[in-house]
Amino acid sequence: MTLGIAMGVLCATLVAALPVVLDAREAVVAARATRPAPNEGMERFLFSEATEVWNGHRLGRVFVAEVRPDAPLPPGVSRLPGPGESVVSPQLSAALADDAALRQVVPGAVIGTIGPAGLLGPDELFAYIGVRRDDVGDLHQAIGWGSRDQFALDKQQAGLTEMLAMLVLPPVVIYLVICSRLAAATRARRYAALRLLGLRRSSALRLAAGEAALAGGVGAVLGIGLFQLVNPVIAGSGIIGFRWFPETAELSTGYAVLIIGVITAVSAFVGAIGLRRALARPVEGRADTGDGPTRMALLLPLMIGLGILAYPLLVVPDRTDDLPIRVAMTGPMGWLVLGGVLTACVGLLIGLRPLLAAAGSLLTHDRFPTSVRLAARRMVWEPSATIRLLAGVALLILVAGIGEGVMRDLAMRAGPVVTNYEVQIAGGPETDPKLLQRSFQLDASYRWTVQRSAITPVQPGESPNGIADLIKYVGIDLVTIRCGDLKTLVTSDVGNCGDGRWYRLVQEGMLGSPFDIPAGLPVTFLDASGTKKEIPVPADVLVVPQGSLFANAASASLLYTGSEPVFGWTPDADVTFLVSGEKGELTKFKAAAAAISPNLRLNVPAENIVLLETYYHQRGVLSAGTFVGFLLGILAFAIAAVDRAVERRRDVASLRVLGIRVRGVRAVQLIQLLTPLGLVIGASGLVGHLAGNAVLRLNDVHRPWHMGTLDAMLPLVVVASVIVLGAASIVTGRSLRTEDLRRE
């Protein structure tokens, strides 16, 4: 029990520390962000920021100029650099010593390094570079540090704690309960013997509670000690996908005392309550008397949990309009769903007892073979022992279903725009259209082009009036992209879309407004030869969500659903790619573009880099939570399997004395596990499927049913079946021993 609780506490504290680490990273981002000067003349320094990817790692640079003596310092920096100087992170300092090309990007003499307070992790590449005003063109005025609009980051991070809790809380609670119950079952005979020797029931209960509390407390202390040892190793390994400073996730003394106190109290309660029957009837406690009659009321927690999950799954409010707007649940509702998931998972294990007993009763009829009836009698007689063994299997299936829902939600909230690098190649009057055409064939996840319509210079005395004049004098965008890619990128149903057709591309709320373009209005474009091509604005409309890639707040756009520009390649065409965010893919893309022409102007928006990094960090955290859930399920099965092997020795001895052959004993054990296994797989698969879909509805109540949870659970079902068959086929105590016979 002590080691089991130690492992549970270690896993729980490790996973609970990960959201704290991510919050600390976001706090550093906010603390070192520049605060713009509200008025002219109030600035204390000038700045310019640049973010890019260098050898697969994000490289952040802040250029500072005209630093006043009273200028505040960013976190982790003792002095801002002057012209020709730089203050860099330790990792960047080491990289500069070996990379001459990097020294061109981060110029200046290194006068100091940034401390942990100003860095996201020990491996971050970040620098403050001192420049003169004329060295950098785009300088802004600032009065200090500690300001940032984190709407996009907060939106991407929303719900992470709840998701992680859904993945880890049910396995941790169930695992700790299994460990405590197994320990109580093992001690039952011993304390029953003490009762027969004259020990009072109240004294025995206090003694049992004290022993369980001691084991739980020591296990909690051991688990916290293991966390202190493991945390620095994991923090510096990058196994989750990023590194952090170990002190960021250190447990405070107060939290450590709270964890030890809670585990000790719960262990004492479970240890005492598990022995009530054995101490009340000590003679029965020394014999194999079974679990007693089962009550259907044990199904109540499962019904309550499923009832809570039914709300986000079945009670879906109607949309107020036809626009594909994401409607997320409120915070209290999210925690209510979390409570429903936890209640359903725990209630599943509690409710399996009457279900197994009922299934066993159906198999005790005389028409079934002896081996089936013997196995059925054991299921009716002692279902709790089978449940303890198969609880690990149920955990694996539940974690697979819930984990699939969590990862699917993360991917849907991020979308292709966040999970890929956005790379732009801008055209211009001097650009060779052939280079743009060749670059369009570069390997990327998605690609599209944007061209501007021909415009007429405004004559003196003329004033644009209305959308027609705006198009005439300013122009309108023509987006060329395949219909399937468009639907994927906007992550919503844009309507009836087909390739090779013209559409009017309108963002939500713009249709019919003054910014919409009336159908039939002529728009002029230049083709590859410079000839004017006039087309009427199409009547067919595609509506895209606000804030999506193709949403233009200034006016509607034109869309041609094809693979290449309909008017041919022109010098002013802008090409945009979405390149895989996996490590090294952007570097390969840049190298391939440079091989076409070094003059291609590639731009990777800084916000996209930050959001992509955040997505991969969150994916690493949730993957770690899923792994911990699987680990606890495997440990629960292993512990219960060992306990079962010891307990079944007595049953095997009894059957062998009665003349049952080893083959028959093996058949009994197989049937005794296969029948409950089918029930456990079905019940846990149902709960896992419902819980995974409930997770998906947290961030959009209108999401459709996701059947991928079943696909995620299927491999676990196959593996669990094979393992259980192997465990059941091993007959413990094949040869009769005097000790076994004497115990019987």
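Scroll up a little and you will see the structure.
We now turn to the structure provided with this report. (Residues numbered from 1 in each chain as written. Predicted model: local features only at pLDDT ≥ 70, side-chain atom pairs only at ≥ 80, totals over all residues. Heavy atoms only, no water.)

1. Quick word on the overall build of the chain
Tallying secondary structure elements over the chain gives 21 helices and 17 strands in all. Looking at the chain as a whole, 49% of its 744 residues are labelled buried. Accessible surface, the chain: about 33,800 Å² in total, of which carbon and sulfur atoms supply 59%. (Helix = DSSP H or I, 4+ residues; strand = E, 2+ residues; numbered from the N terminus. Buried < 20%, exposed > 50% of the residue type's maximum accessible area, 1.4 Å probe, protein only. Areas by Shrake-Rupley, 256 points an atom, 1.4 Å probe, with all protein chains shown as cover.)

2. Examining the side chain of Thr-576
Structurally, Thr-576 is set in strand β16 (residues 574–580). Sequence-distant contacts of Thr-576, defined by excluding residues within four places in its chain, comprise Glu-422, Val-423, Gln-424, Tyr-446, Arg-447 and Trp-448. (Contact = heavy atoms within 4.5 Å.)

3. Comments concerning the state of the cysteines
Defined simply, a disulfide is a covalent bond joining two cysteines at their sulfur atoms. This structure, assessed with the given rule, holds one disulfide. Disulfide pairing is shown between Cys-483 and Cys-497; the S-S distance is 1.9 Å. Residue Cys-483 is located in helix α16 (residues 483–490), and its partner Cys-497 is located in the loop between α16 and β11 (502–507); the two are separated by 14 residues in the primary sequence. On the basis of relative accessible area, Cys-497 is assigned to the buried category, the value being 12%. (Disulfide = S-S within 2.5 Å.)

4. A closer look at the environment of Leu-251
Tracing the backbone through its elements, the reader meets Leu-251 in the loop between α6 (201–237) and α7 (253–273). Residue Leu-251 is classed as partly exposed on the basis of its relative accessible area of 24%. Between the alpha carbons of Leu-251 and Ile-224 there is a distance of 8.4 Å; along the sequence they are 27 residues apart. Contacts of Leu-251, omitting those with residues within four sequence positions, involve Thr-13, Ile-224, Phe-227, Gln-228 and Ile-259.

5. What to know about the sheet that holds strand β4 (residues 85–88)
Spatially, seven strands are ordered β1-β7-β2-β3-β6-β4-β5 in an open sheet, and the strand pairing comes out mixed. In this open sheet, the two edge strands, each paired with only one partner strand, are β1 (34–36) and β5 (109–113). Taking each pair of neighbouring strands and ignoring which way they run, the sheet shows an average axis angle of 40 degrees. Judged from the three bridges that link them, β4 and strand β6 (residues 125–130) form a sheet pairing that is antiparallel. By the bridge assignment for β6, Val-87 is matched with Tyr-128. (Pairing = 2+ DSSP bridges. Axes fitted to C-alpha atoms, helices over the stretch in contact; angles between N-to-C directions.)

6. A look at the nonpolar core
For soluble globular proteins, the rule of thumb is that nonpolar side chains tend to be buried together. Judged by nonpolar contacts, the single largest core of 103 residues is most densely connected at Trp-244, Leu-309 and Phe-577. Ranked by residue count, the leading element in this core is helix α13 (residues 383–419), at 14 residues. What Phe-577 contacts, discounting residues up to four positions off in sequence, is Tyr-421, Glu-422, Val-423, Ile-425, Ser-439, Phe-440, Leu-442, Ala-444, Tyr-446, Arg-447 and Phe-589. (Core = buried A, V, L, I, M, F, W, Y, C linked by side-chain atoms within 4.5 Å.)

7. Comments concerning the pairing of strand β2 (residues 45–54)
Relative to strand β7 (residues 140–145), β2 runs antiparallel, the two being bridged by three bridges. The residue of β7 that forms the bridge with Phe-47 is His-140. Pairing analysis gives nine bridges linking β2 to strand β3 (residues 57–65), with the strands arranged antiparallel. Opposite Phe-47, over in β3, you have Val-64 as the bridge partner.

8. What about the sheet that holds strand β14 (residues 541–544)?
Spatially, β14-β11-β15-β10-β9-β16-β8-β17 is the arrangement adopted by the eight strands of the open sheet, whose pairing is mixed. The open sheet terminates on both sides in strands that have one partner only, identified here as β14 and β17 (602–603). On the sheet, α16 packs against β9 (446–452), β14, β15 (557–560) and β16 and is oriented at approximately 100 degrees with respect to β9. Here helix α17 (residues 585–596) sits on the sheet in contact with β8 (420–425), β16 and β17, set at roughly 145 degrees to β16.

9. Focus on the packing of aromatic side chains
Inspection of every chain in the model, using the stated rule, returns 10 aromatic pairs. An angle of 40 degrees between the planes, with centres 6.0 Å apart, marks the rings of Trp-502 and Phe-567 as tilted. Taken together, the positions of Trp-502 in strand β11 and Phe-567 in the loop between β15 and β16 put the pair 65 residues apart, joining distant regions of the chain. Ring pairing ties together the aromatic residues Phe-45, Phe-126, Tyr-128 and Trp-145, which thus form one cluster. The ring of Phe-126 carries Arg-32 above its face, with NZ or CZ at 3.8 Å from the centroid. The ring of Phe-440 carries Arg-447 above its face, with NZ or CZ at 5.9 Å from the centroid. (Phe/Tyr/Trp six-rings, centres within 6.5 Å; stacked < 30°, edge-to-face > 60°. Lys NZ or Arg CZ within 6 Å of the ring centre and 35° of its normal.)

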